[in-house]
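# Close look at the chain arrangement
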Amino acid sequence: MKRFNIGFIGCGFAAQLHVEAYKRIPGFEARMYGACSADLHQTQHFVQANGFEKVFGSVEELLSDPQVDIVDIIVPPSAHIPLVKQAMESGKHVICEKPLNGYFGSGNDDRKVMYEAVCSELEALKQFLAGRKEKLFYAENYIYAPSVVKIRQMIEATGEKFLLLKGEEAHSGSHAPHAALWSANGGGCLIRQGCHPLSALLYLKQVEAKRRQEEIRVTSVLCDASQVTVGLPSDERGSILSNPVDVEDWSEAILTFSDGTKAVISSGDMIVGGVRNKIEAYTSNACYEGRIAPNDAFLCYHTDASKLTDVYMTEKVETKTGWQHVFLCEEEMRGYVGELEDFLRCVDTGKEPESGFPLAYETMKVLYAAYASAGSNSRFFVE
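Residues numbered from 1 in each chain as written. Predicted model: local features only at pLDDT ≥ 70, side-chain atom pairs only at ≥ 80, totals over all residues. Heavy atoms only, no water.

### Regarding helix α6 (residues 146-158)
Here α6 contains 13 residues, and its C-alpha end-to-end distance of 18 Å stays within 8% of the 18 Å for a straight helix at 1.5 Å per residue. Within α6 the residues assigned to the buried category are Val148, Ile151, Arg152 and Ile155. All buried residues of α6 fall inside an arc of 100° around its axis, so they share one side. Residue Gly159 follows α6 closely and has a positive phi angle near 70°. (Helix = DSSP H or I, 4+ residues; strand = E, 2+ residues; numbered from the N terminus. Expected span 1.5 Å × (residues − 1). Buried < 20%, exposed > 50% of the residue type's maximum accessible area, 1.4 Å probe, protein only. Arc of directions from axis to C-beta.)

### Considering helix α5 (residues 111-129)
An ideal rise of 1.5 Å per residue puts 27 Å on 19 residues; α5 measures up with 27 Å between its terminal C-alpha atoms. Those residues of α5 that sit buried are Arg111, Met114, Tyr115, Val118, Cys119, Leu122, Leu125, Phe128 and Leu129. Of the surrounding secondary structure, the elements contacted by the buried residues of α5 are α4 (80-89), β6 (136-139), α7 (182-185), α11 (357-376) and β15 (380-381). Trailing α5 by a residue or two, Gly131 shows a phi angle of about 80°, which is positive. (Contact = heavy atoms within 4.5 Å.)

### Focus: the pairing of β6
Of the two faces of β6, the one carrying Leu136 and Tyr138 and the one carrying Phe137 and Ala139 are both buried. Two elements, strand β5 (residues 93-97) and β6, share four bridges in a ladder whose sense is parallel. Bridge pairing in β6 links Cys96 to Tyr138. Note on the crossover from β5 through α5 to β6: the handedness is right-handed. (Pairing = 2+ DSSP bridges. Right-handed = clockwise from strand over helix to strand, strands pointing away.)

What follows is the structure, encoded as structure tokens:
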């Protein structure tokens, strides 16, 4: 069994999801080798809890270790591109969490300027990547979710055209204080959550295009990205966690493709009841609905859930009483296992990943076209 030593940069919530997924990858041994983060105490706890071998005191120390084969970057997005370049220049393959990049100024800045800055950085990274032996993997788990994989298989078999695609990720908001700031995240719920279904729908449309031997691209975006909860007084916030400063907590984006078909991306930080991850696809002969979460694989009901404090139900659910859609096999159903398996296979065989730089490039370009549309209250035409 081929073994790869994994070095983590970042030890937060998403890092733990990756650890659990690595354990379930068939055919490879992903060795939890070492980790570093901005918080040494957090790193030590993460390493001890997950059986890593080393605590690294800095990024430089981790990257200089010849035993590290693959670097998994799971830090705030403002640090992504510098770390990607630094890791690859050190001879490491890189897995980078979403979003790949962004504009990290103020949310009040000109949105067309944001779009141009993001596209310019993507072009520079494209030049940096050209001809390198190290591989860059874009950690977009939706691409590998079993429901999305099944839609891909069916559209490849039928050769039909998607007339309408719809995707959503929404929940009651992030616990992290920095989620309220454009300077830390490059936007609000659209970039943090909407990027998932956006990538999935762009990917499926390209699967269709390849099957039909067509060239299809996004030509325009019409988007509203707004603050819905900002006017709520504190005694009416209920279970809403989001408290935006200069980012949006709700967005709706309509994409138009060059073949005249459409896609709709919904995201929100003000939807209670647990995380909502969903993909829909419609052709002239078929309807597909991928309910990543919630789904009805396992339902339970409790009148008293006081003894279930440490039992996981699903992400972002506010209560464990009443009927619950318990998320089983979450690492597989959300696509993390398939994602990391694909990346390790690519390192082993040299094949290109399903989710790599081309998908990340298109996702970020369309995402900031959506922000430019929202900023101008008009349709934005993608160059």
